[in-house]
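Chain and residue survey
Residue strings, one per chain:
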Amino acid sequence: MIPLNLLIEAFAPYKILLLILGSIYPGEEAIILFSVLAGQGLISLPDVVVIGALGILLVDNLIFWLAKSRMSTRIKRWRIFSKKSQRLSIIMHKLHKESPFLMLFITKFVYGMRHISVFYLSLKGMTWKRFFLYDVGAFALWGIIMIPLAWLAARGFTLGLHIATRIERILLIGVLVALVFYLLEWVIRNWIMKPKVN
């Protein structure tokens, strides 16, 4: 069995290429893996975010336009899009009816559903501009949740707790400063600037 550090060293020169390919397919899973590697200092976290976002958005847009093309009639015949998959169709319909943005966001967390949801939204006649805005927003929200979690998991949660403690202190100082300013404003308004009653 090959030790993990030897495997990582062997692929180190190709890390950006692997990130590009991984963000194109499978997508979110590769971004989580590379976020963990960024937490270990093996790749830059901004590279993971930027390249990962570009790869996922590129693939989503290709699928969106593929569904609008003539080729979509062939793809609809596949088993996953056939009438036999009634449960999937019902779920997609309910999510689409409730909120297309919510549909895109939820399917980012379910392996294999992202491509199907993009295809479905395209077939339902969503405009590209609306789709693009929803897709960017859904990915951004997913990224805000998952990328820091993967990074912190690699860094260790003790470092995360140190950061959280510092943030708590900063917030406490901010609240205390705001309270002092409020009290000063109240004192000035009620005691110093109070109009004298004759």
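Everything numeric in this text was worked out from a predicted model, so none of it was measured.

Our next topic: helix α9 (residues 128-155). Look at α9: 39 Å from first C-alpha to last across 28 residues, which is about the 40 Å you get at 1.5 Å a residue. Approximately 30° is the largest bend angle found in α9, and it occurs at Gly143. Phe131, Asp135, Ala138, Phe139, Trp142, Gly143, Met146, Ile147, Ala150 and Ala154 are the residues of α9 that are buried. Against the buried residues of α9 lie α3 (28-39), α4 (45-68), α7 (100-107) and α8 (113-123). Gly156 sits one or two positions beyond α9 and adopts a positive phi of about 100°.

Attention now moves to the confidence of the model for the protein chain. Of the residues in the protein chain, 83% have a pLDDT of 70 or more, and the chain-wide mean is 82. Here helix α5 (residues 72-75) is the element of the protein chain with the lowest mean pLDDT, 66, and α4 is the one with the highest, 93.

The subject of this paragraph is the nonpolar core. Ranked by internal contacts, the top residues of the largest apolar core, which has 32 residues, are Ile31, Val48 and Trp142. Secondary structure elements with two or more residues in this core: α3, α4, α6 (86-98), α7, α8 and α9. Of the residues forming this core, the biggest block, 8 residues, is contributed by α4. Contact partners of Trp142, with chain neighbours within four places excluded, come to Glu28, Ile31, Ile32, Phe105, Lys108, Phe109 and Ile147.

Tyr25 connects to Pro26 through a cis peptide bond whose omega is 15°. If you trace the backbone, Pro26 turns up in the loop between α2 (15-24) and α3.

Turning our eyes to something else, we now look at the environment of Leu17. Tracing the chain through its elements places Leu17 in helix α2. In this structure the C-alpha to C-alpha distance between Leu17 and Ile51, which are 34 residues apart in sequence, comes to 10.0 Å.

Attention now moves to the packing of aromatic side chains. Tallied over the full model, the rule gives 6 aromatic pairs. Residues Trp128 and Phe132 carry aromatic rings whose centres are separated by 5.2 Å and whose planes lie at 25° to one another, so their mutual orientation is stacked. On the criterion of helical spacing, the pair formed by Trp128 and Phe132 is a turn pair, its members being 4 residues apart in helix α9. Given a relative accessible area of 29%, Phe132 falls into the partly exposed group. Three or more aromatic residues joined by ring pairs form one cluster here, namely Phe64, Trp65 and Phe131.

The rules we used
- Residues numbered from 1 in each chain as written.
- Predicted model: local features only at pLDDT ≥ 70, side-chain atom pairs only at ≥ 80, totals over all residues.
- Heavy atoms only, no water.
- Helix = DSSP H or I, 4+ residues; strand = E, 2+ residues; numbered from the N terminus.
- Expected span 1.5 Å × (residues − 1).
- Bend = angle between axes of the 7 residues up to and from the residue.
- Buried < 20%, exposed > 50% of the residue type's maximum accessible area, 1.4 Å probe, protein only.
- Contact = heavy atoms within 4.5 Å.
- pLDDT = per-residue confidence, 0-100.
- Core = buried A, V, L, I, M, F, W, Y, C linked by side-chain atoms within 4.5 Å.
- Phe/Tyr/Trp six-rings, centres within 6.5 Å; stacked < 30°, edge-to-face > 60°.

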